[in-house]
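# Survey of secondary and tertiary structure
The lines below spell out each chain.
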Amino acid sequence: MVSSTAASRTSARSGTLMALGSMSCVQLGLALSVHLFGAVGPLGAVWLRLAWAAVILLAAVRPRPWRFRRPVLLATVALGIVTAGVTMLFMAAVARLPLGTASALEFLGPLGVAVARRGGGRRSLLWPGLAAAGVLLLTHPWQGSASPAGIACALGAAICWAAYIMLTQAVGDEVAGLQGLAVSITVAALASTLVSGPAVIGVLTPRLLLAGFGLAMLLPVVPFSLEMYALRRLTTSAFGTLMCLEPALAVLAGFVLLGQVPRVWSLAGVAFVIAAGLGAQRYGARTAPGTAATQADGDLAAESIDRGWVFWPGEDAGATESGVPTMRSSHDHGVRLRGDRCGR
C-alpha cells in the first residue's frame, strides 16, 4: 500500500509537470500569435483563439451546463469572464508598457494567491519570496516608461489571473473532466466577441481561420486543460508560485528561437524562479482535510481506513450525467468523493 506521504509527493510531481507543459504551450502560442497582429490586432488575435477554442471544446466535450448545480454554474461563468479579462487586459498592457514591466505587474496576481493561501509556517513564505526576487531580476520593472493606462491594464490582468487560479480549482473540483472548461471558454469567447469580434469578422480569410484553429489548440485549449488537471493535484499557493516560471521560459524561448542572449541578472533570475518552483513542487501537493484516507494518484486506488470508503481517481468513474462524481460504499466499488479532494 502506497504511503500517504509518497502519494502526496507523486501528486505534486504530476501536477508540476502539467503546469510546466501548460506554460510551454502558452509561450509557443504567444510567439506564433504575433504573426496575426498585423492582420487582426492583439485583441483580434485573442478573439480568434478564444472563438476557435470554444468551438473545439463544445464539439469534443459536449458539456451540459444545465445539469450543473447553481453555485458551480455561477463559478464557471465567472471563470469565463476572468479568462477573457486576463487575456485582453494583458494584451492591452503590452501595447502600452515594455513586456517585462507588464509581465512583472501581472505576476502580482499568482504571487498574491501564493501568499494569501500559504500554509506551513514561515517556510512556506520562502518560495513566493524567491519567485518575486527572480521575476524582478528577469524583467527589471523599474526600467522603461510608465503609462498609467498600461499599469492599470496590467494590474487588472493580475487580478483576473488570481481569480482565474482560484476559480479554476473550484470548478475543476466540482465538475468531472473538462466540462467546466468547455463552458468557461465559451463564456470567454462571448465576452471577447463583445469587445473585438465585430471589428475582426469582416477581415477574416480562410488562411486566418486556419491559423486561428492551430493557435487555439496551443492557447488556450491544451494549456488551460493541463492547468485544470494540475490544480486538482496542487494547492493554489504551489500553483501560483509555479507560474513564476513563465518569465524563465520566455528567456529560454528568446535564446533558442530568437537568438536573444540573456544577461547575467536574467540568468540569476532564472535560478531564483527554478528554486521557487522546486520548493513549490516539493511542498505543494493538495491534501484531504478531515480524512485519514491513504491517497494514490493515476490509476491506483486509495482505500480509506475511515468509514470503509474506497476512492478511485479515474476521471470518468462514478461521474453522474451532471459531471459531478458520486460516492459509494467500498462494497459497491465506490469512487472518489465530490470535489476530488479525497480522491487524489
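This text follows the structure it describes.
I will try to describe carefully the structure that is included in this document. (Residues numbered from 1 in each chain as written. Predicted model: local features only at pLDDT ≥ 70, side-chain atom pairs only at ≥ 80, totals over all residues. Heavy atoms only, no water.)

## Let's talk about empty space enclosed by the protein
Rules: Buried and open spaces are told apart on a 1 Å grid over the protein atoms alone, a cavity being a set of points where a 1.4 Å probe fits but cannot get out and a pocket being an open set with protein on both sides within 12 Å along at least five of seven lines. Residues with an atom within 4 Å of a point are the lining residues. Grid points are joined across faces, edges and corners, and a volume is the space filled by probe spheres set on the points. Secondary structure is summarised from DSSP: a helix means a run of H or I of at least four residues, a strand means a run of E of at least two, and numbering begins at the N terminus for each. Only Asp, Glu, Lys and Arg are considered charged in this grouping, and only Ala, Val, Leu, Ile, Met, Phe, Trp, Tyr, Cys and Pro are considered nonpolar; every other residue, Gly among them, is considered polar.
On inspection of all chains with the given rule, the structure shows one cavity of 30 Å³ or more. Considered as a void within the structure, the largest cavity measures approximately 40 Å³ in volume. Lining the largest cavity are Leu79, Thr83, Tyr164, Thr168, Leu181, Ser184, Ile185, Phe224 and Met228. Those elements that provide at least two residues to the lining of the largest cavity are helix H2 (70–94), helix H6 (148–174), helix H7 (179–201) and helix H8 (206–230). Counting residues per element, the lining of the largest cavity draws most heavily on H7, which supplies three residues. Here the residues of the lining of the largest cavity sort into six nonpolar, three polar and no charged.

## With respect to the pattern of salt bridges
Between side chains of opposite charge, a pair can form when the charged atoms approach closely. Spelled out, the test is: The salt bridge definition used is simple: a Lys or Arg side-chain nitrogen within 4 Å of an Asp or Glu carboxyl oxygen.
Inspection of every chain in the model, using the stated rule, returns one salt bridge. Across the salt bridge formed by arginine 69 and glutamate 174, the nearest N and O atoms sit 3.1 Å from each other. Taken together, the positions of arginine 69 in the loop between helix H1 (4–61) and H2 and glutamate 174 in helix H6 put the pair 105 residues apart, joining distant regions of the chain.

## Overview of helix H5 (residues 126–139)
Heads up, the condition is: By this rule the span expected of a helix is its residue count minus one, scaled by 1.5 Å. A 1.4 Å probe rolled over the protein chains alone gives each residue an accessible area, and that area as a share of the maximum for its type sets the label: buried under 20%, exposed over 50%, partly exposed in between.
With 14 residues, H5 should reach 20 Å at 1.5 Å per residue; the first-to-last C-alpha distance of 20 Å fits that figure. Of all the residues in H5, the buried ones are Trp127, Pro128, Ala131, Gly134, Val135, Leu137, Leu138 and Thr139.

## Comments concerning the packing of aromatic side chains
Selection criterion: Between the rings of Phe, Tyr and Trp (Trp by its six-membered ring), a pair exists once the centres lie within 6.5 Å; its type follows the angle of the planes, with under 30 degrees stacked, over 60 edge-to-face, and the other angles tilted.
Counted by the stated rule, this structure contains two aromatic pairs. A ring pair is formed by tryptophan 52 and phenylalanine 213, whose centres lie 5.1 Å apart and whose planes are at 85°; its orientation type is edge-to-face. Separated by 161 residues along the polypeptide, tryptophan 52 in helix H1 and phenylalanine 213 in helix H8 bring together distant segments of the chain. Judged by its relative accessible area of 25%, tryptophan 52 is partly exposed. Judged by relative accessible area, which is 36%, phenylalanine 213 ranks as partly exposed. Measuring from centroid to centroid gives 5.4 Å for tyrosine 164 and phenylalanine 224, while their planes differ by 45°, and the two rings are tilted. Residue tyrosine 164 is found in helix H6, and its partner phenylalanine 224 is found in helix H8; the two are separated by 60 residues along the sequence. Exposure class is identical for tyrosine 164 and phenylalanine 224. Each is buried.

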